Amino acid sequence: MASQLEIARRAATSPRKSAGYDWEAAMAASLAGDAAAYRRLLEEAGRWLRRYFARRLSPEMVDDAVQEALTALHLKRATFEPGRPFLPWLAAIARFKGVDSLRSAGRNRTEELDEGLHGVASHESASLSGIVMGRLFDRLRRPQADAIRLVKLQGFSVREAAAMTGQSEALIKVNIHRGLAALKTFFGEGEPAADLIG
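To start, this report covers the structure provided alongside it. (Residues numbered from 1 in each chain as written. Predicted model: local features only at pLDDT ≥ 70, side-chain atom pairs only at ≥ 80, totals over all residues. Heavy atoms only, no water.)

## A look at the overall build of the protein chain
- For the protein chain, the helix and strand inventory stands at 11 helices and 0 strands.
- Along the protein chain, from the amino end to the carboxyl end, the secondary structure elements read α-α-α-α-α-α-α-α-α-α-α.
- Of all 198 residues assigned to the protein chain, the portion counted as buried reaches 32%.
- Considering only contacts in the protein chain between residues 6 or more positions apart, those separated by 24 or more positions represent 58%. (Helix = DSSP H or I, 4+ residues; strand = E, 2+ residues; numbered from the N terminus. Buried < 20%, exposed > 50% of the residue type's maximum accessible area, 1.4 Å probe, protein only. Contact = heavy atoms within 4.5 Å.)

Structural data, given as structure tokens:
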């Protein structure tokens, strides 16, 4: 009878995922004690997290956020349920660590920089846009919001988004279409941004 480690290794090298990286099989192998699979998983997760945070945080915050998220992945890996999609689990960790980074930056801020003198771009409008978008997305059905976030905002393909959410590719397209239509309706109500910020 094959051990759990042997089964996980076979799954990690199966031809069905030869074109890409099989996150779920790698995590299963890692949980079964395969140190090489775990090392590779952390490397791949680090690359994914760097792209994730580069789109959401100021450049000087990215490295710390990546390290915090990798540490959380390591500490919480026992909570991962084999058979479930890995990337949504990692994205949830990243989302919490991104929020923690923004909060920490707000607490540690000691002086206001003059943008004209220092050439430092403001992230205020991006943060405000994020808050407004977050409120709008809260008004959508969860599958619609997830599909739009992954494909339209984070740049994943429809196929990747389907794999991450468990929805079919057709359903991802339908949810994007319906979600965008709903967002247009919200904007059509003439609702000022201040109302969405709360």
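## Brief notes about the packing of helix H3 (residues 35–54) against helix H4 (residues 59–76)
- Two elements in contact, H3 and H4, have axes separated by 9 Å at closest approach and are oriented at 140°. As judged from the angle between their axes, H3 and H4 are oblique. Between H3 and H4 lies a crossing whose hand is right-handed. Facing Tyr38, Leu42, Ala45, Gly46, Leu49, Arg50, Phe53 and Ala54 of H3, the residues of H4 in contact are Val62, Asp63, Ala65, Val66, Ala69, Leu70, Leu73 and His74. (Axes fitted to C-alpha atoms, helices over the stretch in contact; angles between N-to-C directions. Parallel < 35°, antiparallel > 145°, perpendicular 65-115°, else oblique. Left-handed = near helix turned anticlockwise from the far one by under 90°.)

## Section: the packing of aromatic side chains
- Inspection of the entire model under this criterion finds 8 aromatic pairs.
- Note on Tyr21 and Trp23: the rings are 5.0 Å apart at their centroids and 90° apart in plane angle, and the pair reads as edge-to-face.
- Note on Trp23: relative accessible area 11%, which makes it buried.
- Measuring from ring centre to ring centre gives 5.3 Å for Trp48 and Tyr52, while their planes differ by 20°; the resulting arrangement is stacked. Taken together, the positions of Trp48 and Tyr52, both in helix H3 and 4 residues apart, correspond to about one turn of that helix. (Phe/Tyr/Trp six-rings, centres within 6.5 Å; stacked < 30°, edge-to-face > 60°.)

## Remarks on the nonpolar core
- One finds Trp48, Leu49, Phe53, Phe86 and Leu90 to be the most contacted residues of the largest nonpolar core, which totals 42 residues.
- Taken together, the elements giving at least two residues each to this core come down to helix H2 (23–31), H3, H4, helix H5 (86–108), helix H7 (124–138), helix H8 (142–153), helix H9 (158–165) and helix H10 (169–188).
- No other element matches H4, which puts 8 residues into this core.
- The residues touching Phe53, leaving out its near neighbours within four places in the chain, are Val62, Ala65, Val66, Ala69, Ala94, Lys97 and Gly98. (Core = buried A, V, L, I, M, F, W, Y, C linked by side-chain atoms within 4.5 Å.)

## Some words on the packing of H8 against H9
- Close contact between H8 and H9 brings their axes to 9 Å; oriented N to C, the two are set at 135°. On the basis of the axis angle, H8 is oblique to H9. Crossing of H8 against H9: the hand is right-handed. On H9, the residues that touch Asp146, Leu150 and Val151 of H8 are Val158, Ala161, Met164 and Thr165.
- Tallied by class, residues from the contact of H8 with H9 come to 5 nonpolar, 1 polar and 1 charged. (Nonpolar A, V, L, I, M, F, W, Y, C, P; charged D, E, K, R; others polar.)

## Some remarks on the environment of Gly83
- Here Gly83 is to be found in the loop between H4 and H5.
- On a C-alpha basis, the gap between Gly83 and Ala25 in space is 8.8 Å, while along the polypeptide they are 58 residues apart.

## Brief notes about H4
- In this model, H4 (18 residues) spans 26 Å end to end at C-alpha, consistent with the 26 Å of a helix rising 1.5 Å per residue.
- The set of residues buried in H4 consists of Met61, Val62, Ala65, Val66, Ala69, Leu70, Ala72 and Leu73. Seen along its axis, H4 keeps its buried residues to an arc of 165°; they face one direction. Exposed residues lying more than 90 degrees from the buried face of H4 are Glu60, Asp64 and Leu75. (Expected span 1.5 Å × (residues − 1). Arc of directions from axis to C-beta.)

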